[in-house]
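Coordinate inspection notes
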Amino acid sequence: MLKIFKYSFQDLIRSKWSFILGLFYMAVTFGLLYMSNDLSRAIVSLMNIILFINPLVGIMLGIMYYYNSRDFSELLLAQPIKRKDYFLGQYLGLSLSLVISFVLGLGVPFLLYGVLVSDAVVNFLTLMFAGSALVLIFCALAFWVATANENKIKGFGKAILLWLFFAILYDGIFLLSLLVFESYPLEKFSIAATLLNPIDFSRVLIMLQLDVSLLFGYTGAVFNKFFGSYVGILLITGAAVIWVISPIFMMLRAAKRKDF
Amino acid sequence: MKLFLLLLSSLFCINSFGQSAVVVDPAKGASLMEAIADAAPFDTLLVQPGTFKEGRIIIDKPLFILGVGYPVIDGEGKTEIITILSDSVTIQGLQIQNVGVSYIEDRAGISAEKQTHIRIIDNKLYNTFFGVYLKNSSHCLIQGNEIKADAVNEISSGNAIQLWYCNNILVQDNHASGHRDGIYLEFVDDSRIENNTSTNNIRYGLHFMFSNRDQYVGNTFELNGAGVAVMFSKKITMQYNRFINNKGTASYGLLLKEIYDGTISNNTFLGNTTGIYGEGANRLEVHHNTFEKNGWALKVLGSCMDNTFTNNNFINNNFDLTTNNNRSYNNYDGNYWSDYTGYDLDKDGIGDVPHRPIKLFSYIVTRSDASIILLRSLLVDVLNFTEKVTPAFTPELLQDTTPLMKPLL
């Protein structure tokens, strides 16, 4: 597994895609920092970009990489290598190279603007954590979808749908149910619904650091109390881990049954 | 100005009638109560450093009681400390401490009833259930006092400065903290509250009830349950105050309820859960204020009419404005909104496209509290954008037709 990981990681980190991605993050971050000249405000703007881009990048590059390396997979799987090791190695290679482009692309400009000595350092670290988690989760989802679908077009279609669902549709359904059941106490429901969508809990995690004055409002205080506590942060972290592990598990199951 | 002249004249009165100065030194076993009994009207008592534990001290003649080096008058948690039963009394430079909590009577550090020309200057009042309490009095001065307590809840705590049925009072440069209300006025007319600091009070920094024609200027209200509550009052002027970090589940920088014909200008609202909350607030002129980093800058309910909001800065608030009505009876023209995305082709500093300060999402949050958790999600941005292009839910006519391109300084 480690060998596969090493190989695909080296292959990817040298590829133009990770390079372009890293440059893109760097350009956006530098641009925002230059224009706002305020670390906290740049973090707010970056949050919106990251919540939008990271899942998309993770799921698209994941699915592209999987389908592209199909011949290679067939060749290697003819050798005495466990399928589990091979696919895990590929997944780790891809997701870690993406995480590194993300962390470097965002981290270098912020470090140059002196984030470590400012009071925005917690916000910055939260942003890094949430962004990385999103990449890991959506890469795993992409690998699962790709393994389960032999047909490339179908695979792409499903992946895009999946992204659209988590990015927008889920929140739409969430909001509608909040409005339909507005006369009921919905705090617990909202907390649960938030934990079920990786984009939502990443957003809440960052928001807790940024919109403090608002979250002291009546219902906001409930969320603030819950997600701001150690229990809440542990829950979010736990949810993130589960969200990474379960698609990987599904992917491995699909890979085991797959007929190459 | 009238008020100042009156105060000034009262000052001269005391000085011109003052006959002799009596030194009261606790180190020599002197009693403050006896000194007051022996003094002639308009005498000056020079109280030397030390501690007096004499229970309730009643001042029944015009006296100037001047503390040297803050002598301590300790109520030992039992009674009210100084009760003024005469006009033209001045109390200056005393440290008054430990009034017991009572659920039956309103005990105070210093209280006066039905008097005029009382001056309470530069005292320190620590842990005095009610700090300074004036009833039915007029033409008084409360200046430079430091009033501190550690209130735990509303029921067992008093107000730092309480005025009841008073008029022409000047409350200036005081520091009130850790009480129920910092400054509380009920049925107080024609008074001025100036340059006070009111922090960490459980309920309100400053609280008006049924008071008319008062002004409060240059005060700072920080970390209170709510900064200022103005209720059932008319013609109140609120200027140059700072409302900072008043955060909590039911917290406001400025709470307006049933008030008419006031002016709110040149104030700063920073980091409050709600900047101004208006319910039944009418005919107010709100101008040249800055609202920055609040959760909600303005919550103007449907019961507010004929208010003018102009030349204000709205900078980086989560929501600039929210209401529960789909019509607008107020005027919001000519403000600076940091959310404004329009353009200014003729370069006159006024945006060419009207600005709609109410976002669809703030409307949704007003309806369903819990939806606040979707703040900053992609869906909400999309919804806000569509609503901005074609308003369907938010009041269509609630708009700033002349939004400013740059913030006012």
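Residues numbered from 1 in each chain as written. Chains lettered and ligands numbered in written order. Predicted model: local features only at pLDDT ≥ 70, side-chain atom pairs only at ≥ 80, totals over all residues. Heavy atoms only, no water.

A tally of helices and strands in chain A yields 12 helices and zero strands. In chain A, the succession of α and β elements from N to C terminus is α-α-α-α-α-α-α-α-α-α-α-α. Compactness check: chain A gives a C-alpha radius of gyration of 20 Å against a globular reference of 18 Å for 260 residues, within 12% of the reference. Principal axes of the C-alpha set define a box for chain A whose edges measure 60 × 45 × 30 Å. Expressed as a percentage of contacts within chain A between residues at least 6 apart in sequence, the contacts between residues at least 24 apart total 80%. (Helix = DSSP H or I, 4+ residues; strand = E, 2+ residues; numbered from the N terminus. Rg over C-alpha atoms; globule rule 2.2 N^0.38 Å. Contact = heavy atoms within 4.5 Å.)

Side chains that differ in charge, positive against negative, can pair when their charged atoms come close. Taken as a whole and judged by the stated rule, the model has 17 salt bridges over all chains. Note that Glu80(B) and Arg56(B) form a salt bridge whose closest N and O atoms lie 3.9 Å from each other. Placement of the pair is Glu80(B) in the loop between strand E6 (72–74) and strand E7 (82–84) and Arg56(B) in the loop between strand E3 (51–52) and strand E4 (57–59), with a sequence separation of 24 residues. The class of Arg56(B) is partly exposed, set by a relative accessible area of 43%. One salt bridge connects Glu105(B) with Arg107(B), and the closest N-O pair in it is separated by 3.0 Å. The class for Glu105(B) is partly exposed, based on a relative accessible area of 44%. Shared partners join several salt bridges into a network, and the residues in it are Arg70(A), Glu74(A), Glu150(A) and Lys258(A). (Salt bridge = Lys/Arg side-chain N within 4 Å of Asp/Glu carboxyl O. Buried < 20%, exposed > 50% of the residue type's maximum accessible area, 1.4 Å probe, protein only.)

Let us now look at the environment of Gln95(B). All names here are of chain B. Residue position: Gln95 is located in strand E9 (residues 95–99). Gln95 sits 164 residues away from Ile259 along the chain, and the two C-alpha atoms are 38 Å apart. Residues in contact with Gln95, not counting those within four places in the same chain, are Tyr70, Pro71, Val72, Ile73, Lys124 and Tyr126. Of note is the side chain of Gln95, whose polar atom sits 2.8 Å from the side chain of Gln97. (Polar contact = N/O pair within 3.5 Å; in protein donor to acceptor, adjacent residues only side chain to side chain.)

Attention now goes to the sheet that holds strand E25 (residues 226–231) of chain B. Residue and element names in this part refer to chain B. Read across the open sheet, the 12 strands follow the order E4-E7-E10-E13-E16-E19-E22-E25-E28-E31-E34-E37; overall the sheet is parallel. A single partner strand is all that each edge strand has here, and the edge strands are E4 and strand E37 (319–322). Averaged over all pairs of adjacent strands, the angle between their axes in this sheet comes to 10°, without regard to strand direction. Here strand E34 (residues 296–300) pairs with E37 via three bridges, running parallel. What sits directly across from Trp296, in E37, is Phe319. (Pairing = 2+ DSSP bridges. Axes fitted to C-alpha atoms, helices over the stretch in contact; angles between N-to-C directions.)

What follows is about the packing of aromatic side chains. Scanning the entire structure with this criterion turns up 38 aromatic pairs over all chains. Considering the side-chain rings of Phe110(A) and Phe124(A), the 4.9 Å spacing of their centres and the 45° angle between planes classify their relative orientation as tilted. With Phe110(A) in helix H5 (residues 83–112) and Phe124(A) in helix H6 (residues 121–148), this residue pair connects regions lying 14 residues apart in the sequence. Judged by its relative accessible area of 0%, Phe110(A) falls in the buried class. In this structure Phe124(A) comes out as buried when scored by relative accessible area, which is 5%. Plain terms: the ring middles of Phe314(B) and Trp337(B) are 4.3 Å apart, the flat faces sit at 10° to each other, and that makes the pair stacked. (Phe/Tyr/Trp six-rings, centres within 6.5 Å; stacked < 30°, edge-to-face > 60°.)

What follows concerns unusual backbone geometry. Residue and element names in this part refer to chain B. Backbone geometry at Lys114 places phi at a positive 55°, although glycine is not the residue there. Although it is not a glycine, Asn195 sits at a positive phi angle of roughly 50°. Among the secondary structure elements, Asn195 is positioned in the loop between strand E20 (192–194) and strand E21 (197–199). Classification of Asn195 by relative accessible area gives partly exposed; the value is 36%.

All names here are of chain A. Within the span of helix H4 (residues 70–77), buried status applies to Arg70, Ser73, Leu76 and Leu77. All buried residues of H4 fall inside an arc of 125° around its axis, so they share one side. Facing away from the buried surface of H4 by more than 90 degrees, the exposed residues are Asp71 and Leu75. Check the buried side of H4 and you find it contacts helix H1 (2–13), helix H3 (39–68) and H5. (Arc of directions from axis to C-beta.)

On the chain A side, the residues contacting the 30 residues of chain B number 32 residues. For the pairing of chain B and chain A, the buried interface totals around 2700 Å² over both sides, and the portion due to carbon and sulfur atoms is 70%. Viewed at the interface, chain A and chain B are joined by one salt bridge. Put simply, Glu182(A) and Arg367(B) hold a salt bridge, and the shortest N to O gap is 2.9 Å. In this structure, the connection of chain B to chain A is made through three residue pairs in polar contact (both at pLDDT 80 or more). When contributions to the side of chain B that touches chain A are tallied by element, the ones reaching two or more residues are helix H3 (360–367) and helix H4 (378–389) of chain B. Per-element tally for the side of chain B that touches chain A: the top contributor is H4(B), with five residues. (Buried area = accessible area lost by both parts, 1.4 Å probe.)

Before going further, it helps to examine the state of the cysteines. Within this structure, the stated rule accounts for zero disulfides over all chains. You can see Cys166(B) has no disulfide; the closest cysteine sulfur is in Cys140(B), sitting 6.7 Å from it. (Disulfide = S-S within 2.5 Å.)

Moving on to a nonpolar patch on the surface. Residues and elements named next belong to chain A. Where nonpolar side chains cluster on the molecular surface, the patch consists of Ile13, Phe30, Tyr34, Met35, Ile100, Leu104, Val108, Leu112 and Tyr113 and spans about 890 Å² of accessible area. Looking at the nonpolar patch, the elements that each hand over two or more residues are helix H2 (16–36) and H5. For the nonpolar patch, the leading source of residues is H5, giving four residues. Tracing the backbone through its elements, the reader meets Val108 in helix H5. (Patch = residues over 30% accessible without salt bridge, like charges linked within 9 Å, V, L, I, M, F, W, Y side chains within 5 Å. Areas by Shrake-Rupley, 256 points an atom, 1.4 Å probe, with all protein chains shown as cover.)

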